[in-house]
Amino acid sequence: MKANEAYNDVIETEEELRALIGFPSELVSRKTITHLDHHCTDFISRSPFMVISTADSNGSCDVSPRGDYPGFVLIQNERRLVIPERPGNKRSDSLRNILSNPQIGLLFMIPGLGETLRINGQALLVKDDELLEQMAYNGRKPLLGIAVDVEECFVHCAKAFIRSGLWNPDSWADKESLPSASRIIADHASLPGSDEEVVARRLEEGYAQRLY
């Protein structure tokens, strides 16, 4: 059954959507800028975590986290930034998407701050050695960089963080009750010789030895 056949009342046009939720205020409409001003650069310099949104040429989407020391994203000028690509699991979903569709969306976060910085633009993969040297950590350069030509910048309000209590430790569950990543991966992969204990060891080894 298709998704639009599973529900009785589906919104199908922007006119229907606007009739339900209304239109943005003038402040919201005017807050978008097209370059990295001093507010944006200051925000990025304090951010240790971001998410990247990409899609391939067919529109299949991906969202991927990136994290490092605060200010790990290199700002080249008011129109361009570069994200270091550290060792990962080699799926390279975001990177492969960029090769076929350069459109990219970024969401920068600062722990404890509810507001986030959103940036949209066009990306390409770069491996200029001098550039990568600027983003080296403990003597290790990133494998490559994601260069982004900035098209839109704006601050997103804190309502989602307030509703979720994300930065409030009192709202966090006990660690022992949290889902086990190693158990999930082992069950999903279903590979002989890769039970939960084996996967847990591989994860811990990667976290300890292959961050950079």
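Notes on the structure follow. (Residues numbered from 1 in each chain as written. Predicted model: local features only at pLDDT ≥ 70, side-chain atom pairs only at ≥ 80, totals over all residues. Heavy atoms only, no water.)

Here we take up the pairing of strand β6 (residues 116–126). Pairing of strand β5 (residues 103–109) with β6, which is carried by six bridges, proceeds in the antiparallel orientation. Note that in β6 the partner of Q103 across the bridge is Q122. The loop that links β5 with its antiparallel partner β6 comprises six residues; one of these, G112, has a positive phi angle of about 90°. Across 11 bridges, the pairing between β6 and strand β7 (residues 144–156) is antiparallel. By the bridge assignment for β7, L124 is matched with A147. (Pairing = 2+ DSSP bridges. Helix = DSSP H or I, 4+ residues; strand = E, 2+ residues; numbered from the N terminus.)

Turning our attention to the pattern of salt bridges. In the structure shown here, the tally under the stated rule is 11 salt bridges. Here R91 ties to D93 by a salt bridge, and the two come within 2.7 Å at their closest N and O atoms. R201 is paired through a salt bridge with E197; the nearest N and O atoms lie 3.3 Å apart. In this pair, R201 and E197 both sit in helix α8 (residues 196–209), four residues apart, roughly one turn of the helix. One continuous salt-bridge network, built from bridges that share partners, spans R91, D93 and R96. (Salt bridge = Lys/Arg side-chain N within 4 Å of Asp/Glu carboxyl O.)

Mapping A160 onto the fold places it in helix α6 (residues 159–164). Once the C-alpha coordinates of A160 and M135 are considered, the two residues, 25 residues apart in sequence, prove to be 32 Å apart.

Below, the discussion takes up the packing of aromatic side chains. In the structure shown here, the tally under the stated rule is three aromatic pairs. With centroids separated by 5.5 Å and ring planes inclined at 20°, the aromatic side chains of Y69 and Y137 adopt a geometry described as stacked. Taken as a pair, Y69 in the loop between β2 (61–67) and β3 (74–77) and Y137 in the loop between α5 (129–133) and β7 lie far apart in primary sequence, 68 residues in all. Residue classification places Y69 among the partly exposed positions, given a relative accessible area of 26%. Taking the relative accessible area as the measure of exposure, Y137 reaches 32% and is therefore partly exposed. On the basis of an interplanar angle of 20° and a centroid distance of 5.6 Å, the ring pair of F161 and W167 is categorised as stacked. A connected cluster of aromatic rings, assembled from ring pairs, spans Y69, Y137 and Y212. (Phe/Tyr/Trp six-rings, centres within 6.5 Å; stacked < 30°, edge-to-face > 60°. Buried < 20%, exposed > 50% of the residue type's maximum accessible area, 1.4 Å probe, protein only.)

None of this, on its own, says anything about what the molecule does.
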